[in-house]
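# An overview of the molecular structure
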Amino acid sequence: MAVYTNVSEQQVSSCLQNYPIGQLVRLKGIAQGVENSNFLLDTTQGKYILTLYEKRIKREELPWYMDLMQFFAQHHIRCPLPVRTKEGECLIELNERPAAIFTFLDGKEVSEILPEHCFALGVSMARMHLVGLEFKQNKKNHVGPDSWNALLEKSVNHGHDDLIREIDPVLRKIIQSWPTRQEGLPVGQIHADLFPDNVFFQDNYLSGFIDFYFACTDFLAYDLAIALNAWCFKETGEYLVKRARALVAGYQSVRILTEKERLLLPIFKMGAALRFLLTRLHDLVYTPSTALVTPKDPQPYLYRLRYHQLNKVETYEF
Ligand SMILES: Nc1ncnc2c1ncn2[C@@H]1O[C@H](COP(=O)(O)OP(=O)(O)O)[C@@H](O)[C@H]1O
Ligand SMILES: N[C@@H](CCOP(=O)(O)O)C(=O)O
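Rules behind the numbers
Residues numbered from 1 in each chain as written. Chains lettered and ligands numbered in written order. Predicted model: local features only at pLDDT ≥ 70, side-chain atom pairs only at ≥ 80, totals over all residues. Near = placed C-beta within 6 Å. Nonpolar A, V, L, I, M, F, W, Y, C, P; charged D, E, K, R; others polar. Domains from an automatic or database assignment. Pairing = 2+ DSSP bridges. Helix = DSSP H or I, 4+ residues; strand = E, 2+ residues; numbered from the N terminus. Axes fitted to C-alpha atoms, helices over the stretch in contact; angles between N-to-C directions. Contact = placed C-beta atoms within 7 Å. Expected span 1.5 Å × (residues − 1). Buried ≥ 20, exposed ≤ 12 C-beta atoms within 10 Å, placed from the backbone. Left-handed = near helix turned anticlockwise from the far one by under 90°. Parallel < 35°, antiparallel > 145°, perpendicular 65-115°, else oblique. UniProt positions renumbered as here; feature names shortened; annotations may be inferred.

### Notes on the site of ligand 1
- In the vicinity of ligand 1 lie 17 residues, with Gln32, Gly33, Pro80, Leu105 and Asp211 positioned nearest.
- In terms of residue class, the shell around ligand 1 is built from 10 nonpolar, four polar and three charged.
- Both domains that meet at the shell around ligand 1, namely domain 1 (9-103) and domain 2 (115-310), each give it at least three residues.

### Topic: the sheet that holds strand E5 (residues 97-103)
- The five strands are arranged E1-E2-E3-E5-E4 in an open sheet whose pairing can be described as antiparallel. For this open sheet the edge positions go to strand E1 (24-29) and strand E4 (92-94), each flanked by a neighbour on one side alone. Neighbour to neighbour, the strand axes of the sheet diverge by 35 degrees on average, direction disregarded.
- Bridge count between E4 and E5: three bridges; the pairing is antiparallel.

### Re the site of ligand 2
- Taken together, the residues surrounding ligand 2 are Gly33, Val34, Glu35, Asp193, Phe195, Asp197, Asn198, Asp211, Phe276, Thr279, Arg280 and Lys296.
- Looking at side-chain class alone, the shell around ligand 2 contains three nonpolar, three polar and six charged residues.

### Considerations on the domain arrangement of the protein
- Domain boundaries in the protein define domain 1 (9-103) and domain 2 (115-310).
- When each unit is reduced to the centre of its C-alpha atoms, the spacing between domain 1 and domain 2 is 27 Å.
- Taken residue by residue, the interface counts 17 residues in domain 1 and 16 residues in domain 2.

### What to know about helix H6 (residues 220-231)
- Taking 1.5 Å of rise per residue, 12 residues should cover 16 Å, and H6 covers 17 Å from first to last C-alpha, within 8% of that figure.
- The buried count for H6 comes to 12 of 12 residues, which makes it a mostly enclosed element.
- For H6, every residue scored as buried is listed here: Leu220, Ala221, Tyr222, Asp223, Leu224, Ala225, Ile226, Ala227, Leu228, Asn229, Ala230 and Trp231.
- Buried residues belonging to H6 abut helix H3 (115-132), strand E6 (187-190), strand E9 (216-219), helix H7 (241-252), helix H8 (259-286) and helix H9 (299-310).

### Here we look at the packing of helix H4 (residues 145-155) against H8
- Here H4 crosses H8 at 35 degrees, and the two axes come no closer than 9 Å. Where H4 crosses over H8, the two elements pack in a sense that is left-handed. Across the interface between the two elements, Pro145, Trp148, Leu151, Leu152, Lys154 and Ser155 of H4 pack against Gly271, Leu274, Leu278, Thr279, Leu281, His282 and Val285 of H8.

### Let's talk about the packing of H6 against H8
- One can describe the packing of H6 onto H8 by two numbers: an axis separation of 8 Å at closest approach and a directional angle of 55 degrees. Of the possible angle classes, the one that applies to H6 and H8 is oblique. Judged by the twist between their axes, the crossing of H6 over H8 is right-handed. Counting all contacts with H6, which are made through Ala221, Tyr222, Ala225, Ile226, Leu228 and Asn229, the residues of H8 involved are Glu261, Leu264, Leu265, Phe268, Lys269, Gly271, Ala272 and Ala273.
- The residue inventory of the contact of H6 with H8, partitioned by class, reads 10 nonpolar, two polar and two charged.

### Considerations on the UniProt feature "domain: Aminoglycoside phosphotransferase" (unreviewed entry) in the protein
- According to UniProt, the "domain: Aminoglycoside phosphotransferase" (unreviewed entry) feature falls on residues 27-256.
- Along residues 27-256, the helical share is 36% and the strand share 19%, with 44 Å between the first and last C-alpha atoms.

### Concerning the pairing of strand E7 (residues 199-202)
- Note: E7 against strand E8 (residues 205-209), four bridges, orientation antiparallel. Considered in E8, the bridge of Val199 is made with Phe209.
- In sequence, E7 turns back onto E8 through a hairpin of two residues, with Asp203 there showing a positive phi of about 50 degrees.

### Let's talk about the environment of Met125
- Residue position: Met125 is located in helix H3.
- Judged by the 27 C-beta atoms lying within 10 Å of it, Met125 is buried.
- C-alpha separation for the pair Met125 and Gly208, spaced 83 residues apart in sequence, amounts to 10 Å.
- Contacts of Met125, omitting those with residues within four sequence positions, involve Leu194, Asp223, Leu224, Ala227 and Tyr251.

Okay, here's the thing in structure tokens:
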């Protein structure tokens, strides 16, 4: 359930007076999602999404997300477009929370992932990466390698000793092998959370990406590695090579990976597995049992990490 902060119909109706999108017909809380509070707004002019930003989002970075989504939408990368108030503002304040209204993206998560979906994802991701090269504001990846040690340490002494003992040496090795920005790998705006729930399809066509709140400026190939892990594994740790090949083929039909990116893909996949393992472990430890949200299971990401450690040389994707 992702409604942490509630809003009343009256509050939304009066807020809509400042927008050029008609009057409120219906307001409904959205159950999916974990980070922010989301509501579906039916107005006399159509459907919109109202998002109230919760504590995990840094307030000072909100304009960056708004600018990035607007830039993408204007450059034919389908994603929610922040709606401006009559005074031209994207961000407002509602119930003591920063908030924004977005255009509604048609479509939904696929129910059964096929290689064709992975190909389409690769195409759209590569297009987004190319367009993003023209967006010149940069933003740090707050869950990048320099945050991993601290994330792991925060989870020590909370009853996951075996897991932590296993991860610790792997983490060090991955960090040692991680490329620096000086090595010339392509860097740009990445989504960094392109899991199936953030990629919408309609009639088998990819209709767009949502949930840009982990987006940042980082290695483009790392975004591909995140998606390979999220889309191309069984939860028991079996790599689904047909899907992986389709994803990489779709990506390379738009943007060919450099030799260096191909060589570093194994380390990016390990890092991507570790990153989600660490954040899931952290959330498991720190989400109170009374919370509305059920933390995601870290175990499938441990399986992915183990798989990549055993298969670091083979590049099955090409
Ligand atoms: N622009 C949008 N168009 C259509 N549905 C949306 C849009 N934004 C969010 N949603 C719906 O809200 C849900 C939660 O959104 P999400 O951005 O993933 O939340 P969170 O940031 O809390 O993880 C999505 O699964 C989707 O159903
Ligand atoms: N995709 C991440 C968690 C982030 O959740 P989202 O609902 O904001 O996409 C994971 O699976 O660990």
